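Given next are the chains, with one letter for each unit.
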Amino acid sequence: MLRSMLTPLILSIVVAFDAFSVCLGIGLRPLRLKKIATIGLWIGFFHMLIPLLGILIGSILIDRITHLAELLSGLLLFGIGAHLVFQTFAEQIRQAPPRTLTIPAIIMLALSVSIDSFPVGISLGMSGFQTTLAIALFGSVSMCAAWTSLLIAKKVQRNLDRSLTWISGAILCLIGLKIIFYS
């Protein structure tokens, strides 16, 4: 399944949910279109860089553990998904984004919403997946998701009660289970 064209698209959408939900909250403050463009570009950049590092590490690991690669890939995706589901419903106070969105604050925001794509990249690297396609999709879908949510929040100016992160976690769990049991 990981070798098809549909899987990287689904994974890029799943990884972009976090950026989408975070940017909904950020977009509630008054932002200029230039700032929205900057935020989306940084998020897209880190959603390409972080999984690329994961893919490189995963491809190195595949040489050492070839016979366990698909099982580990599935377990990793399932674990990430379960973590995202539990994290969404956990009773923890989320930190408010900084009052002014300076470039360093935007970079830290982009890095924080992109870091969960690292283990997904490891999983893809262990499965011998096409790096260029996955990285391009991860970056472009995340960038578009960030722009879309910032523009929606700018227009709507109201906050959603729940994060959409649990949806991406559930999808990752399903993909992980499929790899574990049907590969």
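You'll find the structure just up there.
Enquirer: Would you mind showing me how to read the overall build of the protein chain here?
Expert: Scanning the protein chain for helices and strands turns up 7 helices and 0 strands. When its helices and strands are written in sequence order, the protein chain yields α-α-α-α-α-α-α. Relative to its full complement of 183 residues, the protein chain shows a buried share of 45%. In the protein chain, 94% of the contacts between residues at least 6 apart in sequence involve partners at least 24 apart. Accessible area for the protein chain stands at about 9,900 Å²; split by element, carbon and sulfur atoms hold 69% of it.

Enquirer: Looking at this structure, I do not really get helix 1 (residues 6–26). What am I missing?
Expert: A turn of α-helix holds 3.6 residues, and therefore any two residues three or four places apart point the same way. The end-to-end C-alpha separation of helix 1 is 30 Å, in line with the 30 Å expected for 21 residues at 1.5 Å each. Along helix 1, the sharpest change in direction is near 30° and occurs at Ala-16. Along helix 1, 15 of the 21 residues are buried, which leaves the element largely enclosed by surrounding structure.

Enquirer: Please clarify how the packing of helix 1 against helix 6 (residues 131–156) should be interpreted in this entry.
Expert: Working note: a packed helix pair is described by the angle between its axes plus the distance between those axes. Interhelical geometry of helix 1 versus helix 6 gives an angle of 30° and a closest axis separation of 7 Å. Looking at the two axes, helix 1 sits roughly parallel to helix 6. In this structure, helix 1 meets helix 6 at a crossing whose hand is right-handed. A breakdown of the residues in the contact of helix 1 with helix 6 according to their chemical character gives 21 nonpolar, 4 polar and no charged.

Enquirer: Hey, could you run me through the environment of Thr-102 in this one?
Expert: Along the chain, the position of Thr-102 falls in the loop between helix 3 (69–89) and helix 4 (103–114). You can call Thr-102 partly exposed: its relative accessible area is 38%. Each C-alpha atom, one on Thr-102 and one on Lys-35, is 9.2 Å from the other, the two residues being 67 residues apart in sequence.

Enquirer: Sorry if this is basic, but what is going on with the environment of Asp-116 here?
Expert: Mapped onto the elements of the fold, Asp-116 is located in the loop between helix 4 and helix 5 (117–126). Exposure remark for Asp-116: the relative accessible area of 17% places this residue in the buried category. Sequence separation between Asp-116 and Val-15 is 101 residues, and the spatial gap between their C-alpha atoms is 7.6 Å.

Quick notes on the rules
- Residues numbered from 1 in each chain as written.
- Predicted model: local features only at pLDDT ≥ 70, side-chain atom pairs only at ≥ 80, totals over all residues.
- Heavy atoms only, no water.
- Helix = DSSP H or I, 4+ residues; strand = E, 2+ residues; numbered from the N terminus.
- Buried < 20%, exposed > 50% of the residue type's maximum accessible area, 1.4 Å probe, protein only.
- Contact = heavy atoms within 4.5 Å.
- Areas by Shrake-Rupley, 256 points an atom, 1.4 Å probe, with all protein chains shown as cover.
- Expected span 1.5 Å × (residues − 1).
- Bend = angle between axes of the 7 residues up to and from the residue.
- Axes fitted to C-alpha atoms, helices over the stretch in contact; angles between N-to-C directions.
- Parallel < 35°, antiparallel > 145°, perpendicular 65-115°, else oblique.
- Left-handed = near helix turned anticlockwise from the far one by under 90°.
- Nonpolar A, V, L, I, M, F, W, Y, C, P; charged D, E, K, R; others polar.

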